[in-house]
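# Structure assessment
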Amino acid sequence: MSPPSSTSSPICSLTPILTTTHLPAMRFNLHRCSSHFPSLLFKLNHPHLLPLSPPPPISSIRFTSFPFFAPHHRFFSHPPSSLPKLSSSSSSPDLTHFIRRAAVSATVSETDQDCASVTGTSQKGRIYHETYGCQMNINDMEIVLSIMKSAGYTDVVEAPESAEVIFINTCAIRDNAEQRVWQRLNYFWFLKRHWKSNVAIGRSQSLRPPKVVVLGCMAERLKDKILDADKMVDVVCGPDAYRDLPRLLEEVDYGQKGINTLLSLEETYADINPVRISSNSVTAFVSVMRGCNNMCSFCIVPFTRGRERSRPVESIVREVGELWKEGVKEIMLLGQNVNSYNDNSEVEDVEAGSNWKLSNGFLSRCKVKNVGLRFADLLDRLSVEFPEMRFRYTSPHPKDFPDELLYVMRDRYNICNYIHLPAQSGSTTVLERMRRGYTREAYLDLVHKIRDIIPDVGISSDFICGFCGETEEEHEDTLSLTKAVGYDMAYMFAYSMREKTHAHRNFVDDVPENVKQRRLAELIEAFRESTGQCFDSQIGTVQLVLVEGPNKRAPETELMGKSDRGHRVSFSILPLSHTVDDDGKRDPKAGDYVEVRILRSTRASLFGEAIVRTNLSTFYKPDEDLVSFSQS
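Residues numbered from 1 in each chain as written. Predicted model: local features only at pLDDT ≥ 70, side-chain atom pairs only at ≥ 80, totals over all residues. Heavy atoms only, no water.

## Remarks on helix H11 (residues 313-325)
The criterion, for reference: Counting from the N terminus, the helices are the DSSP runs of H or I reaching at least four residues and the strands are the DSSP runs of E reaching at least two. Expected span, for any helix, means 1.5 Å times one less than how many residues it has. Any two residues having at least one pair of non-hydrogen atoms within 4.5 Å are treated as being in contact.
The end-to-end C-alpha separation of H11 is 19 Å, in line with the 18 Å expected for 13 residues at 1.5 Å each. Taken together, the buried residues of H11 touch strand E6 (283-287), strand E9 (330-334), strand E10 (342-343), strand E11 (373-374), helix H12 (375-385) and strand E12 (390-394). Just beyond H11, the residue with positive phi is Gly327, at close to 100 degrees.

## A look at the environment of Asn198
If you trace the backbone, Asn198 turns up in helix H6 (residues 195-200). Linking Asn198 and Glu161, residues 37 residues apart in sequence, is a C-alpha distance of 8.9 Å. Every residue in contact with Asn198, bar those within four places of it in the chain, is listed here: Phe190, Leu191, Arg203 and Ser204.

## Concerning the environment of Asn139
This is how it is decided: Residue burial is assigned from relative accessible area. The probe radius is 1.4 Å, only protein chains are included, and a residue is buried under 20% of its type maximum, exposed over 50%, and partly exposed in between. Throughout this description, a polar contact denotes any pair of N or O atoms lying within 3.5 Å of each other; where both atoms belong to protein, one of them has to be capable of donating a hydrogen while the other can accept it, and for residues adjacent in sequence the pair is counted only when both atoms sit in side chains.
When you line up the elements, Asn139 lands in helix H4 (residues 135-150). Accessibility expressed as a relative area gives 1% for Asn139, which makes it buried. As for Asn139 and Phe285, which are separated by 146 residues in sequence, their C-alpha atoms are 6.2 Å apart. Beyond its immediate chain neighbours, meaning those up to four positions away, Asn139 contacts Pro274, Arg276, Phe285, Val286, Ser287 and Leu334. A distance of 3.4 Å separates a polar side-chain atom of Asn139 from the backbone oxygen of Phe285.

## Concerning the sheet that holds E12
Sheet strands pair via backbone hydrogen bonds, and the direction of the pair is either parallel or antiparallel. Stated precisely, the cut-off is as follows: Two strands form a pair only when DSSP identifies at least two bridges running between them. Orientation is described by axes fitted as lines to C-alpha atoms, over the contacting stretch for helices, and by angles from 0 to 180 degrees between their N-to-C directions.
Across the sheet, three strands lie side by side as E6-E9-E12; this open sheet has parallel pairing. Bordering the open sheet on either side are E6 and E12, each of which pairs with just one other strand. Adjacent strand axes in the sheet meet at a mean angle of 25 degrees when their direction is disregarded. Across the face of the sheet, H4 comes into contact with E6, E9 and E12 while running at roughly 85 degrees to E6. Its contacts with the sheet place H12 against E9 and E12, and it is angled at close to 155 degrees to E12.

## Overview of the packing of aromatic side chains
Inclusion rule: Stacked, tilted and edge-to-face pairs are distinguished by plane angle, under 30 degrees for stacked and over 60 for edge-to-face with tilted covering the rest, among Phe, Tyr and Trp rings (Trp via its six-membered ring) whose centres lie within 6.5 Å.
Evaluation of the coordinates by the stated rule reveals 15 aromatic pairs. Through a chain of ring-to-ring contacts, the aromatic side chains of Tyr128, Tyr187, Phe188 and Phe190 assemble into a single cluster.

## Some remarks on the pairing of strand E2 (residues 165-170)
Successive side chains on a regular strand alternate, one facing one side of the sheet and the next facing the other. The condition that has to hold: For crossovers, right-handed means that the path from the first strand over the helix to the second runs clockwise, given strands pointing away from the viewer.
Among the six residues of E2, six are classified as buried, and the element is accordingly described as predominantly covered. As defined by bridge partners, strand E1 (residues 127-131) adjoins E2 across five bridges and the pair is classed as parallel. Counterpart to His129 in the pairing with E2 is Phe167. The parallel pair E1 and E2 is bridged by H4, and the resulting crossover is left-handed. With six bridges connecting them, E2 and strand E3 (residues 211-216) associate as parallel partners. By the bridge assignment for E3, Phe167 is matched with Val213.

## Notes on the nonpolar core
The line we're drawing: Buried Ala, Val, Leu, Ile, Met, Phe, Trp, Tyr and Cys residues that are joined via side-chain atoms within 4.5 Å together make up what is termed a nonpolar core.
One finds Ile331 and Tyr393 to be the most contacted residues of the largest nonpolar core, which totals 58 residues. At seven residues, the largest contribution of residues to this core is made by helix H15 (residues 440-453). In contact with Tyr393, other than residues within four places in its own chain, are Met332, Leu333, Val338, Phe375, Leu379, Phe401, Leu405, Met409 and Ile419. Residues Leu185, Cys217, Leu227 and Ile259 belong to the second largest nonpolar core, which totals 24 residues.

## Some points on the environment of Asp400
Summarising the element assignment, Asp400 is placed in the loop between E12 and helix H13 (403-411). Once the C-alpha coordinates of Asp400 and Arg374 are considered, the two residues, 26 residues apart in sequence, prove to be 10.0 Å apart. The contacts of Asp400, once residues within four sequence positions are left out, are Asn337, Asn339, Ser340, Trp356, Leu358, Ser359, Arg374 and Leu405. Within polar-contact distance, the side chain of Asp400 engages the side chain of Lys399 at 2.6 Å.

## Description of the side chain of Glu558
Condition: Positive charges are assigned to Lys and Arg, negative charges to Asp and Glu, while His and the chain termini are left out of the count. Note on definitions: salt bridges are taken to be side-chain nitrogens of Lys or Arg within 4 Å of carboxyl oxygens of Asp or Glu.
Among the structural elements, Glu558 can be located in strand E17 (residues 558-562). This buried residue, Glu558, is left without a salt bridge; Arg600 holds the nearest opposite charge, at 5.6 Å. Among the polar contacts made by the side chain of Glu558, one reaches the side chain of Asn551 at a distance of 2.8 Å. Setting aside chain neighbours within four positions, we find Glu558 in contact with Pro550, Asn551, Ser570, Phe571, Ser572, Ile573 and Phe607.

Right under this line is the structure:
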């Protein structure tokens, strides 16, 4: 089933009522802050009490496994004398008006009525959001905000105490991330459970008890546990079900728990324009594919994000073009396995696996059925159409670096010379237990090939310490790999077992926690030497820096940005001329490209002196016979 268009209206939560021939007694309550009419109670069909039975199945409802009403009965009642009388001469609203505007709920409390007079408040509720985990989660939150904005939730606040809807976007990759989420949920539960007293003492400014919504990977993994946690959470929504959020929130008004964690084989949100969380930023995330097919034994992503599916190239080009018009100068292309991108939307069926090239010496457990436009094709298209925009990407898998991709990176100056190359371990035996599809030797051969083709490339990595059965010798192999490669940066973690994974079913988490932490400390120390040498090697060079804003440590006197290799670079503010534009001297600002001569290194960042403002294409002066660019 193809994803619905963003222009289609969400399924009305009252559809089952309108299509049911037998309507029980109901009470509708107009929210006072959004209508000039007073609270109005009325009955439909029957003046006596009747249980509200579940409606018959409705084929138009997209998620049939989540019925509109719970199986148990609910009663809606009021005394006939409580019905307000409308003057016969007044222009009374019709039933359609109430169906569209009414919210089935308890009578508005006195506290609600007092708070509802606050001006500028969103009709449906103000949103507060928090995001944990990877860049993909940040981009997902931007998609959620776009969906909610289209549904009428237009206000976003900076504090959970001022929100009627609280979103927490979660990560389930490691146990520490989940524990941080549970701590925040405890506080949100406190805001909801003790709402009246919090309002009375000024701790909370929300107009009603907030609805707490858990999104993302943790929602997918722990949905039952989250919903059963002492009424802590109202809605649980998985990464592929964000379109369903408005309906799920309406379910809460009926006293139900909203849940949709269905995974999709098609959902990419390609038709949704994300609401940028940092609206004034010169960098942005663009998701190009979702899901993962690799099934590494330690990883839960295939179970929380589903199978791989890629957005059409045209939709990505369109989104990048809109960001360029908004002043964005650098794009980070995102995907759980971003370089396995495969747009086959306009390609007929071909033989499984044909023309699907992997890195030399690497294996894949998943056969590709339909081969379309690959990641190298996407990068080539974007770099040509947007010559003054820089492109990065994460997170790739080492198996998906065919030579074509490396040559495109070499030949296109606006594709950054930076590759994230997750190794996870330096031991071939551990890599085999991890089901990574390569050996230590194949990984090192790939590193050498990358540096032969792209000489000044920066390489970063991921590593896990203390995986199931890891010995001291295997740990030493990892330490030696870091020295052999010489990484610019790395993300390092102690292993934590995840349910549903291959390791959970087949291995034992037998490395003691104190041993994991000791090995992690040793790995971090080894990386300090490696990364320090990479940063020190930049001293004396001239780097092109995209200015992102003031240096937080010296906001009045210094600016900060990133070099092509992703190194953080700071420099003093002073007026600069431009290499091409005759606009006189002025201080650089966010979005400017500045040539910076590197003077010193802290082994974590660089500091230099600004030379001149310039353009991306002017700085690199590409060989026109090799690369031909056309302004978009």
